[in-house]
Amino acid sequence: MPEPSAPTADDRRPLAGSDVAIGPLGVGTWAWGDTATWGMGGYDAALTRSSIQEAWDACLDAGIVFFDTAEAYGKGESERIIGELLRGTDEARRSRVVIATKFLPFPWRVRLRHDLRHAVQASLERLGTEAVDLYQIHGPISIRGHGAFAEALAAVHQEGLIRAVGVSNYNEQELRAIDRELRAHGLRVATNQIEYSLLRTRPETTGLLAACAELGVVPLAYSPIGQGRLTGKYSAADPPPGKRRFSAHPMEAVDVVVAELRRIGDAHGGRTPAQVALAWLMAKGTVPIPGAKNRRQAIDNAGALGWALSAEDVAALDGVAMYGTRTLQQRFWQHG
């Protein structure tokens, strides 16, 4: 295995079928506005509008400008917060920001051209932007076929409402199917947002990562540090709080992974377990999108840039990584 290069915030990966490019590390904003799950009424009282502002500023300071949200996050509140943050950002920095959001394909959204266009316009209104940089289908759960989605996406793309097209939680077969349909409309699948981390390496063994590489699809890795499990904050003796058990992992096994992350981090000048976990994902060719609920977390995430794991480091982490599995319904609703 060749030695991975050190990714920097200035590196850019073009998104297929568009003029959009993203950096090697982004930010997932599920927590921003989802009060029922993550804070501001959920279990994390430290998550506030002020702490989100500090996280946003710290990300931009570090050159991390790719933010992923969804209409489903807090019923649009995450998008509204990002819209407020954008309005409060000077034009020079705002012009560098890339925003991705998602369409939730509820089974009753059967008039796809109408329903998807309406959803895009609602997202744009909340975000305060003229176009969505990356618009994603949130999961393959609709009763409508891939062709209907491709037609609906092509229509809003032609209007200039979206710039690049992505999907989320699609397996290899689903990815290839939507790719074929989009190509028939002159479009491409730019990204596939998947749960991928040292605690869930299933995309490696199912052929999904290989399919992404073949099709020119950038994998976006959500839950890249296992909802905090790979930070070292938790252990078998001190497990995560109850609401984070929706993606449960045996903490005794997690402790083994974290111990290896600590060992490798120490060998790289004191990198944190989370930074090593993110570096591993970047070495695998993905763009991780960890959450950042405050300035400290944003700065810690940014510390995954500017250095790289050796091939031996990657192999050592592969040796302790966990497979993980779940049903389609579980993998969608966990993230949706």
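Residues numbered from 1 in each chain as written. Predicted model: local features only at pLDDT ≥ 70, side-chain atom pairs only at ≥ 80, totals over all residues. Heavy atoms only, no water.

A.B. asks: What am I meant to see in the environment of Glu 151 here?
C.D. replies: Secondary-structure assignment places Glu 151 in helix H5 (residues 146-158). By relative accessible area, which is 36% here, Glu 151 ends up partly exposed. Taking C-alpha positions, Glu 151 is 8.3 Å from Glu 181, a pair spaced 30 residues apart along the chain. Excluding anything up to four places from it in sequence, Glu 151 contacts Arg 113 and His 185. (Helix = DSSP H or I, 4+ residues; strand = E, 2+ residues; numbered from the N terminus. Buried < 20%, exposed > 50% of the residue type's maximum accessible area, 1.4 Å probe, protein only. Contact = heavy atoms within 4.5 Å.)

A.B. asks: Teacher, can you tell me more about H5 here?
C.D. replies: Here H5 is 13 residues long and its end C-alpha atoms lie 18 Å apart, about the 18 Å a rise of 1.5 Å per residue gives. Of all the residues in H5, the buried ones are Ala 148, Phe 149, Ala 150, Ala 152, Leu 153, Ala 154, Ala 155 and Val 156. Where the residues of H5 are buried, they touch strand S5 (98-103), helix H4 (112-127), strand S6 (132-137), strand S7 (162-168) and helix H6 (172-184). Once H5 finishes, Gly 160 follows within two positions and takes phi at roughly 85 degrees, a positive value. (Expected span 1.5 Å × (residues − 1).)

A.B. asks: Please explain the packing of aromatic side chains as it appears in this structure.
C.D. replies: Each pair of aromatic rings is reported with the distance of its centres and the angle of its planes. Applying the stated criterion across every chain yields a total of 6 aromatic pairs. Relative to Phe 67, the ring of Trp 32 has its centre 6.1 Å away and its plane inclined at 40 degrees; by these criteria the two rings are tilted. With Trp 32 in the loop between strand S3 (27-28) and helix H1 (49-61) and Phe 67 in strand S4 (residues 66-68), this pair connects stretches of sequence that are 35 residues apart. The exposure classification of Trp 32 matches that of Phe 67, with both residues buried. Relative to Trp 108, the ring of Phe 106 lies with its centre 4.4 Å away and its plane at 10 degrees, an arrangement referred to as stacked. By relative accessible area, Trp 108 is classed as exposed at 62%. Among the aromatic residues, those joined into a cluster by ring pairs are Trp 32, Trp 56 and Phe 67. (Phe/Tyr/Trp six-rings, centres within 6.5 Å; stacked < 30°, edge-to-face > 60°.)

A.B. asks: How should the nonpolar core be read in this particular structure?
C.D. replies: In a soluble, globular protein the nonpolar side chains are often hidden away together inside. Core analysis: the biggest nonpolar cluster contains 85 residues, and Trp 32 and Leu 230 have the highest contact counts within it. The greatest single-element share of this core, amounting to 8 residues, is contributed by helix H10 (residues 273-283). With residues up to four places along the chain from it excluded, the contact list for Trp 32 reads Val 27, Ile 52, Ala 55, Trp 56, Phe 67, Glu 77, Ser 78, Ile 81, Ile 82, Leu 85, Ala 292 and Lys 293. (Core = buried A, V, L, I, M, F, W, Y, C linked by side-chain atoms within 4.5 Å.)

A.B. asks: Can you walk me through the side chain of Thr 69 in this structure?
C.D. replies: Mapped onto the elements, Thr 69 comes out in the loop between S4 and helix H2 (77-87). For Thr 69, a relative accessible area of 0% puts it in the buried group. Within the structure, Thr 69 has its side chain in polar contact with the side chain of Ser 78 (distance 2.8 Å). When residues no more than four places from it in sequence are discounted, the contact partners of Thr 69 are Thr 29, Ser 78, Glu 79, Ile 82, Ile 99, Ala 100, Thr 101 and Lys 102. (Polar contact = N/O pair within 3.5 Å; in protein donor to acceptor, adjacent residues only side chain to side chain.)

A.B. asks: Hey, could you run me through the confidence of the model for the protein chain in this one?
C.D. replies: A low pLDDT score tells you not to read the predicted coordinates there in detail. The predicted model of the protein chain has a mean per-residue pLDDT of 90, with 88% of residues at 70 or higher. In this model, residues 39-43 is a region of pLDDT below 50 whose contacts with residues beyond four sequence positions or in other chains number 18 contacts. Confidence over residues 325-336 falls short of pLDDT 50; this stretch has 35 contacts with residues more than four positions distant or in other chains. (pLDDT = per-residue confidence, 0-100.)

A.B. asks: Sorry if this is basic, but what is going on with the packing of H1 against helix H11 (residues 295-302) here?
C.D. replies: Relative orientation of the contacting elements H1 and H11 amounts to 25 degrees, with a least axis distance of 7 Å. Judged by the inter-axis angle, H1 sits roughly parallel to H11. Between H1 and H11 lies a crossing whose hand is right-handed. Only Arg 295, Ala 298 and Ile 299 of H11 make contact with H1, whose side of the interface consists of Ser 51, Glu 54, Ala 55, Ala 58, Cys 59 and Asp 61. Each residue belonging to the contact of H1 with H11 can be placed in one class, and the counts come to 5 nonpolar, 1 polar and 3 charged. (Axes fitted to C-alpha atoms, helices over the stretch in contact; angles between N-to-C directions. Parallel < 35°, antiparallel > 145°, perpendicular 65-115°, else oblique. Left-handed = near helix turned anticlockwise from the far one by under 90°. Nonpolar A, V, L, I, M, F, W, Y, C, P; charged D, E, K, R; others polar.)

A.B. asks: I would appreciate a short explanation of the environment of Ile 299 in the present structure.
C.D. replies: Looking at the secondary structure, you find Ile 299 in helix H11. Ile 299 sits 244 residues away from Ala 55 along the chain, and the two C-alpha atoms are 8.1 Å apart.

A.B. asks: Teacher, can you tell me more about the sheet that holds strand S9 (residues 218-222) here?
C.D. replies: Pairing between sheet strands relies on hydrogen bonds along the backbone, with the strands arranged either parallel or antiparallel. Taken in spatial order, the 8 strands of this open sheet run S3-S4-S5-S6-S7-S8-S9-S10, and their pairing is parallel. Each of the sheet's edge strands pairs with one partner strand only, and the pair in question is S3 and strand S10 (287-288). Alignment of S7 against strand S8 (residues 191-195), held across 3 bridges, turns out to be parallel. Directly across from Val 167, in S8, lies its bridge partner Asn 192. Running over the sheet, H5 touches S5, S6 and S7 and is turned about 155 degrees from S7. (Pairing = 2+ DSSP bridges.)

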